[in-house]
Amino acid sequence: ANTINRARLCHSARMSTQPAEPQQQWRSILSCAGDEKGGLITAVEFDERGETLAVGDKSGHVSLFQKDATHGYTHGFRFRSHTPTLDPLKSLEIEERINMIKFVRGRSNGYYMLTTNDKVIKLWRIQKKRSALARRLSHSPNRLKSALLRSPGSSPKLGSSLPGPARVPPPSLGRRMEGKEGDMGGSERRKNDVKYAATTKREYAGAHAYHIHSISINSDNETFISLDSLRVNLWHLERDAQRFPIVDIKPKDMASLTEIVTSGTFHPDHCHTLMYTTSRGRMCLHDLRSSAILKEPAQKFEIAETLYPTKHFFSEVLTSISDAKFTPGGRYVLSRDYVSLRLWDVNMERKPVEVFPVQTELQDHLPILYQNNALFDRFQCASSPDGNAFVTGSYSNQTIIQERKKGSAVTISAPPLTQRLNTQAMTVKVSPGTGNLDLGHTKFGEKVLLCAWHPKDDIVAVSGMTRLDVYERTKK
């Protein structure tokens, strides 16, 4: 017995002397304020390679940020996706606000993306185009070479008129024309050689009686779904005049309505599997092969009422799922409600495998949150490429990074925005835990609702209402 006790004491002494695992370190690589007129940022999305970050705002514009050689992001191109229109049947104005952006994967000749407002979904192609000067020079390389190799005494000044239709650009301009495919440029000096044009390829409209809040592209890259509060429609990318209503939870009597659809997405690998979430804390997985109209889900995951044994006025609001995403590979589903992140195994419907608390200290102040409408905020969530870390937002411009295996979390506080666009890397305040919000000091008007994780690297993009922040995890 004495030998066992001594062994235990030695083991505890070794554990106490072992250094603690270093805390996650993150830095800011982009801070950007929204447009002065439509400053509210409403959508954030990476493309499949992570080279382009698309940001939509309330004014109907989409801004594209391109990854540069320093692994940061610079502003490259901005176009208007939607304009305010009038619904002739209801005589109501349809806002231009961008609700969601999704990139279409695996297509050549530029970028293809879906953007949606409350009623209309558009398929856009973003294509690089060279100016007329660059096209003329590309067809006459010998003329450009001879002009650049002339002696200084006999050659005209660079950029002046030369015999023939071509004009010689400065040498720096010629180098800029040799940019890599997909380089978005972005500064005023590049507008003379490379331009980008946004072209509408399809418009998908007239299919939703209620506001569209989510879209998701299938893994087959041919179909996508659009979701409003009561219906899910299936579309083909090449057929804008035909859609298939596959889910309809609208009751015959609207007075008996008990839940609405809050989000939805396709499985990342299986093109026949989709999922949608509801305001009653349910996640429904459907198999498109089962029937044309999906009624009973193949699998149903639900936040048990036993989690809130005391039934009160806010119980349903707390269990409402605001967002849910498959992890890479589709084995797990990450869901976000108002006070927690939950990780579900698709093979176990009974309960989540992990529950990560987020802003649980606000549960004692629900009446105050209800009065200022903060209780209805819809926070998004996202998973890392390996599925071992998750990101979500909170109030006071705080971003929460949750590690699954280690069980630890850190909170990133947004740096002060001293200028409208800052692309310089800078350190940020990283605190252990999930923020520990204090009602008296919490800034409910500054909240991180939108988030996206880079598909390959430890880079997250988050939006705090009128600002965009991109954080990168520093290597140890």
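Worth saying up front: this structure is predicted, and the values here are computed from it rather than measured. (Residues numbered from 1 in each chain as written. Predicted model: local features only at pLDDT ≥ 70, side-chain atom pairs only at ≥ 80, totals over all residues. Heavy atoms only, no water.)

**Let's talk about the overall build of the protein chain**
Counted only if it meets this: The helix and strand labels rest on DSSP assignments: H or I over at least four residues marks a helix, E over at least two residues marks a strand, and numbering proceeds from the N terminus. Three labels apply to residues, based on accessible area from a 1.4 Å probe with only protein chains included: buried if under 20% of the type maximum, exposed if over 50%, partly exposed otherwise in between. The protein chains shown are the only cover counted for residues, whose accessible areas, like all others here, come from Shrake-Rupley with a 1.4 Å probe.
When its secondary structure is counted, the protein chain shows six helices and 33 strands. Buried positions account for 48% of the 476 residues belonging to the protein chain. Working note: accessible area of the protein chain is about 24,200 Å², and carbon and sulfur atoms make up 51% of it.

**A short note on the environment of Ala452**
Cut-off, in case you're wondering: Residues count as neighbours in contact if any of their non-hydrogen atoms are within 4.5 Å of one another.
Within the secondary structure, Ala452 sits in strand E31 (residues 450-453). Once the C-alpha coordinates of Ala452 and Ser383 are considered, the two residues, 69 residues apart in sequence, prove to be 8.1 Å apart. If we skip the residues at most four places from it in the chain, Ala452 touches Val44, Glu45, Phe46, Ala382, Ile459, Val460 and Ala461.

**What about the sheet that holds strand E13 (residues 223-227)?**
The cut-off we apply is this: When DSSP finds at least two bridges between two strands, those strands are taken to pair. Angular values range over 0 to 180 degrees, each being the angle between N-to-C directions of two axes fitted as lines to C-alpha atoms, with helices fitted over their stretch in contact.
An order of E12-E13-E14-E15 is seen for the four strands of this open sheet, with the pairing classed as antiparallel. Where the open sheet ends on each side, the last strands, each with one partner, are strand E12 (214-217) and strand E15 (239-248). The sheet shows a mean angle of 25° between the axes of neighbouring strands, direction not considered. With four bridges joining them, E12 and E13 adopt antiparallel strand pairing.

**What to know about the sheet that holds strand E30 (residues 429-432)**
Across a sheet, strands are paired by hydrogen bonds formed along the backbone, either parallel or antiparallel in direction. Across the sheet, which stays open at both edges, the five strands sit in the order E24-E25-E26-E27-E30 with antiparallel pairing between neighbours. Two strands in the sheet have a free side with no partner beyond their single neighbour: strand E24 (381-383) and E30. Mean inter-strand twist for the sheet, computed between neighbouring axes without regard to direction, equals 20°. Bridging between E24 and strand E25 (residues 389-393) involves three bridges; their strand directions are antiparallel. From the neighbouring strand, Ser383 faces E25, where its bridge partner is Phe390.

**Some words on the side chain of Ser226**
Condition: Polar contacts, as counted here, are pairs of nitrogen or oxygen atoms within 3.5 Å of one another; within protein the pair requires one atom able to donate a hydrogen and one able to accept it, and residues that are adjacent in sequence qualify only if both atoms are side-chain atoms.
Summarising the element assignment, Ser226 is placed in strand E13. Among the polar contacts listed, one links the side chain of Ser226 to the side chain of His208, at a separation of 2.6 Å. Setting aside its immediate chain neighbours within four residues, Ser226 contacts Ile121, His208, Ile212, Ser214, Ile215, Arg231, Val232, Asn233 and Trp235.

**What about a nonpolar patch on the surface?**
Quick note on the threshold: Only residues above 30% relative accessible area that lack a salt bridge enter a patch, with like-charged residues linked at up to 9 Å and the nonpolar side chains Val, Leu, Ile, Met, Phe, Trp and Tyr linked at up to 5 Å. The term salt bridge refers to a side-chain nitrogen of Lys or Arg lying within 4 Å of a carboxyl oxygen of Asp or Glu.
On the surface, Phe313, Tyr370 and Phe376 cluster together into a nonpolar patch covering about 340 Å² of accessible area. Relative to the helices and strands, Tyr370 is located in helix H6 (residues 366-371). Exposure remark for Tyr370: the relative accessible area of 36% places this residue in the partly exposed category.

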